[in-house]
2 protein chains.
Amino acid sequence: MMFSDRLVDAVRRAGAPVCVGLDPVLEKLPAAVRDGRDAAGAIAQFCRGVVRAVAPHMAAVKCQSACFERHGAAGVAALWEVQREAAGAGLAVVLDAKRGDIGISAGHYAAAARHSGAHAVTVSGYLGMETVEPFLKEGLGVFVLVRTSNPGSDAVQAARLGDGRTVGEMMADEVAALGATHLGQQGYSDVGAVVGATKSAEGRALRGRMPRQWFLVPGYGAQGGTAEDIRALLDGRPECGGGVLVTASRSVIYAFDAGDRAWEKAVTRAAIALAGEVAAVVG
Amino acid sequence: MMFSDRLVDAVRRAGAPVCVGLDPVLEKLPAAVRDGRDAAGAIAQFCRGVVRAVAPHMAAVKCQSACFERHGAAGVAALWEVQREAAGAGLAVVLDAKRGDIGISAGHYAAAARHSGAHAVTVSGYLGMETVEPFLKEGLGVFVLVRTSNPGSDAVQAARLGDGRTVGEMMADEVAALGATHLGQQGYSDVGAVVGATKSAEGRALRGRMPRQWFLVPGYGAQGGTAEDIRALLDGRPECGGGVLVTASRSVIYAFDAGDRAWEKAVTRAAIALAGEVAAVVG
């Protein structure tokens, strides 16, 4: 099954194109999870709890690889365990690793991602679309970094080419061109794009350039993205979630008080609220 | 000790600005290393043997993270083991991970890299120089991807901006600007650049824009880079290796016949040959 089709199914099941970001930081975990466990064990336990708490309400999870890699080999083992659990729970699994290599190395990253339980990976395209192809060959979906919302990104992504496009728009055109040869049955491409939620004017232009792409939209809620920003990115197919996958992390995974023993319930409530909010935006 | 100063020392000790690339692929390892070991164990054993075989003749090693990550948690454990052995042997250790994230995530990647034994990391700057700063804060050096030699890179890195610069040159200017505030005692910056060996005309222009940068130059020898390509990148300071770190992988680490039990000797001979060749080019 192609990733783009899997994501359509997952969005329909959840009732909204929503994704929870698993960016676990040890200090923020519930006391009940931390007690008696080493760092990687606590993170695995916490993330598996979040997966179970949100699975009926979310289309996808996005695992921030750095948060796991931080803990070395044990952290990587925890990442694979969490991703496999999420896939088993019916969620689409996005590995947010922002890998960006070529040739044999890209092939190794792709093989590792597939074994880890991921269905798709975030990828940097600075080395060109050669970076992307090995992931597609492994049967994975890809979200190429096109336009991000951090302040420092403007210096690179908003730089203007001689032909009038920004660097971000040029990357969008590369994504659309490669993506056109990797379309699923629902009309979406397995080559998607990361488009930050806080650039709505540019977002609209990017949607024009990438009509067949899934947009992975990080930073909703606590990180500043608003409903208005999301609207700018929609592709006019509300039955498919508008082609956006809206991701929130902190506002969902830390929706409890530190000492709360029934923390999973607070996470479930936050997931339901997020799904309802995004469903209303998508229409 | 700043990375840029560490690298000057290592280049002087080795007598040439040379680096061996550890890109281990299971199928290419000597039979004597593979026998009776699992994949990650064989790779660790092989790489530690290469480190011991080349340490007196090389300034640095560059570990291709993908080749280790391919084997999951055990592969990451092998990577850390190899890097710590290389650091202990007096080599400068570059983790070729091409990471490219921001904020807390970049901080996690940086912390992981430091714990892994690396002194420097390759980084993608597509998200801007925010990607780089967390590595510097951890006391690591950085090589930012500026211009690579793979065919597909032209579509992005050779695209021309309205002001006449290519995207690669724009990235070079970002590197030089950030790097100017992170200079070591020898006058080199801890913010270096990855510049492919097969683009000598562009390489000369890039050296003009980045006079204080260490250039990590992959792809020498088996992958097509020539002495002429290297000359274009030199900074006029032969006593510091000309500011280039020339990397070869396959021509050194696989310089043996498959059944050779004394394979380390062949690797040592290849390392000595590489160092002599590059020393002659640098002058």
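Residues numbered from 1 in each chain as written. Chains lettered and ligands numbered in written order. Predicted model: local features only at pLDDT ≥ 70, side-chain atom pairs only at ≥ 80, totals over all residues. Heavy atoms only, no water.

## Description of the overall build of chain A
- Broken down by element type, chain A carries 13 helices and eight strands.
- For 283 residues, the compact-globule estimate of 2.2 N^0.38 gives 19 Å, and chain A sits close to it at 18 Å.
- Oriented by its inertia axes, the alpha-carbon framework of chain A measures out at about 60 × 45 × 40 Å.
- Each of the 283 residues in chain A was classed as buried or not, and the buried ones make up 61%.
- For chain A, restricting intrachain contacts to residue pairs at least 6 apart in sequence, the fraction spanning at least 24 positions comes to 72%.
- Taking the average place of the 29 positive charges on the side chains of chain A and the average place of its 29 negative ones, the gap between the two points comes to 3 Å. (Helix = DSSP H or I, 4+ residues; strand = E, 2+ residues; numbered from the N terminus. Rg over C-alpha atoms; globule rule 2.2 N^0.38 Å. Buried < 20%, exposed > 50% of the residue type's maximum accessible area, 1.4 Å probe, protein only. Contact = heavy atoms within 4.5 Å. Lys, Arg positive; Asp, Glu negative; His and termini not counted. Charge placed at Lys NZ, Arg CZ, Asp CG, Glu CD.)

## A few points about the sheet that holds strand β6 (residues 191–195) of chain B
Residue and element names in this part refer to chain B.
- Ordered in space as β1-β2-β3-β4-β5-β6-β7-β8, the eight strands form a closed barrel in which the pairing is parallel. Within this sheet the neighbouring strands show an average axis-to-axis angle of 30 degrees, counted without direction.
- With three bridges connecting them, strand β3 (residues 92–99) and strand β4 (residues 120–123) associate as parallel partners. Its bridge partner being in β4, L95 is matched across the sheet by V121.
- Relative to strand β1 (residues 18–22), helix α13 (residues 263–282) is tilted by about 140 degrees, and along the sheet it contacts β1 and β8 (244–248). (Pairing = 2+ DSSP bridges. Axes fitted to C-alpha atoms, helices over the stretch in contact; angles between N-to-C directions.)

## Here we look at helix α9 (residues 167–179) of chain A
- Taking 1.5 Å of rise per residue, 13 residues should cover 18 Å, and α9 of chain A covers 18 Å from first to last C-alpha, within 8% of that figure.
- With 10 of its 13 residues buried, α9 of chain A lies for the most part within the structure. (Expected span 1.5 Å × (residues − 1).)

## Here we look at the interface of chain A and chain B
- Each partner contributes to the interface: chain A provides 50 residues, whereas chain B provides 50 residues.
- A combined buried area of about 4100 Å² lies between chain A and chain B, and 61% of that area is made up of carbon and sulfur atoms.
- Its largest share of buried area at the contact with chain B, chain A owes to R70, H108 and Y126 of chain A, together 19% of the area lost on that side.
- On inspection of chain A and its partner chain B, the count reaches four salt bridges.
- One salt bridge connects E69 of chain A with R99 of chain B, and the closest N-O pair in it is separated by 2.7 Å.
- Elements with a minimum of two residues in the side of chain A that touches chain B: α4 (65–69), α5 (72–88), β3 (92–99), α6 (103–115), β5 (141–147), α8 (154–157) and α9 of chain A.
- It is α6 of chain A that provides the largest number of residues to the side of chain A that touches chain B, a total of six residues.
- Grouping the amino acids of the side of chain A that touches chain B by side-chain chemistry returns 24 nonpolar, 17 polar and nine charged. (Buried area = accessible area lost by both parts, 1.4 Å probe. Salt bridge = Lys/Arg side-chain N within 4 Å of Asp/Glu carboxyl O. Nonpolar A, V, L, I, M, F, W, Y, C, P; charged D, E, K, R; others polar.)

## Regarding the pairing of strand β4 (residues 120–123) of chain A
Residue and element names in this part refer to chain A.
- The alternating pattern of β4 places A120 and T122 and V121 and V123 on opposite faces, both of which are buried.
- Taken together, β3, α6 and β4 constitute a β-α-β crossover, and its handedness is right-handed.
- Where β4 meets β5, four bridges bridge the pair, whose relative direction is parallel. Bridging from a neighbouring strand, T122 pairs with F143 of β5. (Right-handed = clockwise from strand over helix to strand, strands pointing away.)

## Some words on empty space enclosed by the protein
- Under the definition given, this model contains two cavities of 30 Å³ or more.
- Space inside the largest cavity adds up to approximately 340 Å³.
- What lines the largest cavity is a set of 30 residues, among which E69, V76 and R99 of chain A together with E69 and R99 of chain B lie closest to the centre.
- Put simply, the parts of the chain that give the lining of the largest cavity at least two residues each are α4, α5, β3 and α6 of chain A together with α4 (65–69), α5 (72–88), β3 and α6 (103–115) of chain B.
- Of the voids in this model, the second largest cavity is the one considered here, and its volume is about 30 Å³.
- Every residue along the wall of the second largest cavity is listed here: R147, T166, G168, E169, E202 and L206 of chain A.
- For the lining of the second largest cavity, the secondary-structure elements that each account for two or more residues are α9 and α10 (200–209) of chain A.
- The residue inventory of the lining of the second largest cavity, partitioned by class, reads one nonpolar, two polar and three charged. (1 Å grid on protein atoms, 1.4 Å probe; cavity = no way out; pocket = protein on both sides within 12 Å on 5 of 7 lines; lining within 4 Å. Points joined across faces, edges and corners; volume = space filled by probe spheres on them.)

## Things to note about the environment of C67 of chain B
- In this fold, C67 of chain B is placed in helix α4.
- Sequence spacing of C67 of chain B and Q83 of chain B is 16 residues, and the spatial spacing of their C-alpha atoms is 13 Å.
- C67 of chain B has contacts with H108 of chain A together with D23, P24 and I43 of chain B, leaving out every residue within four places of it along the chain.

## Considering the pattern of salt bridges
- Under the criterion given, the structure shown has 34 salt bridges over all chains.
- Here R114 of chain B and E138 of chain B are joined by a salt bridge, their closest N and O atoms 2.3 Å apart. Placement of the pair is R114 of chain B in helix α6 and E138 of chain B in the loop between α7 (133–137) and β5 (141–147), with a sequence separation of 24 residues.
- Look at E138 of chain B and you get partly exposed, because its relative accessible area is 24%.
- When salt bridges that share partners are traced, they join D163, R165, E169, D173 and R209 of chain A into one network.

## A short note on the packing of aromatic side chains
Residues and elements named next belong to chain A.
- Taken as a whole and assessed by the stated rule, the structure comprises 14 aromatic pairs over all chains.
- A centroid spacing of 6.2 Å and a plane angle of 70 degrees characterise the contact between F46 and F256, whose relative ring orientation is edge-to-face. With F46 in helix α3 (residues 39–54) and F256 in the loop between α12 (250–253) and α13 (263–282), the pair connects residues that are 210 residues apart, well separated along the chain.
- Using a relative accessible area of 0% as the deciding quantity, one classes F46 as buried. (Phe/Tyr/Trp six-rings, centres within 6.5 Å; stacked < 30°, edge-to-face > 60°.)

## Concerning the confidence of the model for chain A
- Summarising the model, chain A shows a mean pLDDT of 96, and 99% of its residues fall at 70 or more.
- Taken together, the chains of this predicted complex give a pTM of 0.97 and an interface ipTM of 0.97. (pLDDT = per-residue confidence, 0-100.)

## Quick notes on the relation of the copies chain A and chain B
- For these two chains of identical sequence, chain A goes onto chain B by a turn of 180 degrees and a shift of 0.0 Å along the axis, with RMSD 0.0 Å. On the angle and the small slide along the axis, the relation comes out as a two-fold axis.
- The overlap is high: 100% of the interface residues of chain A also sit at the interface in chain B, so the same surface is used on both sides. (Least-squares fit on C-alpha atoms with pLDDT ≥ 70 in both.)

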